[in-house]
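Descriptive structure summary
Given next are the chains, with one letter for each unit.
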Amino acid sequence: AQSVTQPDIHITVSEGASLELRCNYSYGATPYLFWYVQSPGQGLQLLLKYFSGDTLVQGIKGFEAEFKRSQSSFNLRKPSVHWSDAAEYFCAVGPYSGGGADGLTFGKGTHLIIQP
Amino acid sequence: DTAVSQTPKYLVTQMGNDKSIKCEQNLGHDTMYWYKQDSKKFLKIMFSYNNKELIINETVPNRFSPKSPDKAHLNLHINSLELGDSAVYFCASSHRTSGNEQFFGPGTRLTVL
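Values in this document were obtained by computation on a predicted structure and should not be read as measured data.

This part is about unusual backbone geometry. Across the junction of Thr-7 of chain B and Pro-8 of chain B, the peptide omega takes the value -5°, indicating a cis bond. Mapped onto the secondary structure, Pro-8 of chain B falls in the loop between β1 (4–7) and β2 (10–13). Of note, the phi angle at Lys-61 of chain A is positive, near 60°, even though the residue is not glycine. Relative to the helices and strands, Lys-61 of chain A resides in the loop between β7 (56–58) and β8 (64–68). Within the chain, Lys-41 of chain B stands out as a residue other than glycine whose phi angle is a positive 70°. Within the fold, Lys-41 of chain B resides in the loop between β4 (31–37) and β5 (43–50). The partly exposed category is assigned to Lys-41 of chain B, whose relative accessible area is 34%.

So, about the packing of aromatic side chains. The geometry of an aromatic ring pair comes down to the distance between the two centres and the angle between the two planes. All names here are of chain A. Taken as a whole and assessed by the stated rule, the structure comprises 15 aromatic pairs over all chains. Relative to Phe-74, the ring of Tyr-50 lies with its centre 6.4 Å away and its plane at 45°, an arrangement referred to as tilted. Remark: Phe-74 occurs in strand β9 (residues 73–78) and Tyr-50 occurs in strand β6 (residues 44–50); sequence separation between them is 24 residues. Assigned by exposure class, Tyr-50 and Phe-74 land together as buried.

With that out of the way, let us pick up the interface of chain A and chain B. The interface of chain A with chain B comprises 25 residues on the first partner and 24 residues on the second. Taking both sides of the interface into account, the surface hidden between chain A and chain B amounts to around 1,800 Å²; carbon and sulfur atoms contribute 55%. Two residues, Lys-49 of chain A and Glu-101 of chain B, come together in a salt bridge whose shortest N-O distance is 2.3 Å. Applying the counting criterion to the chain A and chain B interface returns 4 residue pairs in polar contact (both at pLDDT 80 or more). Looking at the side of chain A that touches chain B, the elements with two or more residues in it are β5 (32–38), β6 and β10 (87–94) of chain A. Of all the elements, β5 of chain A adds the most residues to the side of chain A that touches chain B, at 4 residues.

Reading guide: rules and limits
Residues numbered from 1 in each chain as written. Chains lettered and ligands numbered in written order. Predicted model: local features only at pLDDT ≥ 70, side-chain atom pairs only at ≥ 80, totals over all residues. Heavy atoms only, no water. Helix = DSSP H or I, 4+ residues; strand = E, 2+ residues; numbered from the N terminus. Buried < 20%, exposed > 50% of the residue type's maximum accessible area, 1.4 Å probe, protein only. Phe/Tyr/Trp six-rings, centres within 6.5 Å; stacked < 30°, edge-to-face > 60°. Contact = heavy atoms within 4.5 Å. Buried area = accessible area lost by both parts, 1.4 Å probe. Salt bridge = Lys/Arg side-chain N within 4 Å of Asp/Glu carboxyl O. Polar contact = N/O pair within 3.5 Å; in protein donor to acceptor, adjacent residues only side chain to side chain.

Laid out in structure tokens, this is it:
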């Protein structure tokens with residue numbers, strides 16, 4: 001069965017500092033990988049996705065992520081965080097076939113705190 | 001324009017009641033989903049519907065029943081509500097050939113007293 005691990009429950013970063021959120025997955029084939037962000041009381045917004053091709057993907061709000069097959073990782077990065085980045089971040093994996101009928105498997109999330 | 005909408009945003013009810021949550025998407029997607037987010041913010045798939053067919057049904061009690069009148073709507077009906085049903089329920093949609101990129105609604109916070 002597929003699974004996603006986000007080892008950091010909470011991360012605190014100073015405003016303007018760089019950020020890296022970790023994500024490891026377990027999947028039987030090449031996965032479709034996603035990062036979503038959830039602001040307090042809000043729904044989930046897609047930051048970026050990896051399906052194939054270039055392993056470094058760019059997303060919205062200045063985020064990027066790198067797919068590393070050898071490490072089964074898909075870490076999210078941002079060079080300089082802003083106070084508005086404080087939120088819950090979820091890594092998710094989808095089925096390889098792209099059939100699209102299956103749901104996403106989510107990690108347990110990383111709560112990002114931005115300190116002034 | 002709202003892509004995926006849910007009503008109501010908040011729902012407070014007593015144990016034993018029956019309630020429904022509505023979901024609509026205007027993206028032209030052919031697959032819709034329901035997720036449950038528990039108090040620890042863990043998200044888990046409950047159902048997905050594709051072309052009015054239930055594709056997956058994780059280990060969800062049969063008190064929960066998705067109902068899809070058409071491709072743009074997937075409503076969630078819950079019978080005999082229990083305290084443990086308190087959670088945030090998210091609807092999502094995708095197009096089957098889009099690699100499962102899913103668009104989420106704003107969520108419905110259900111509180112069972």
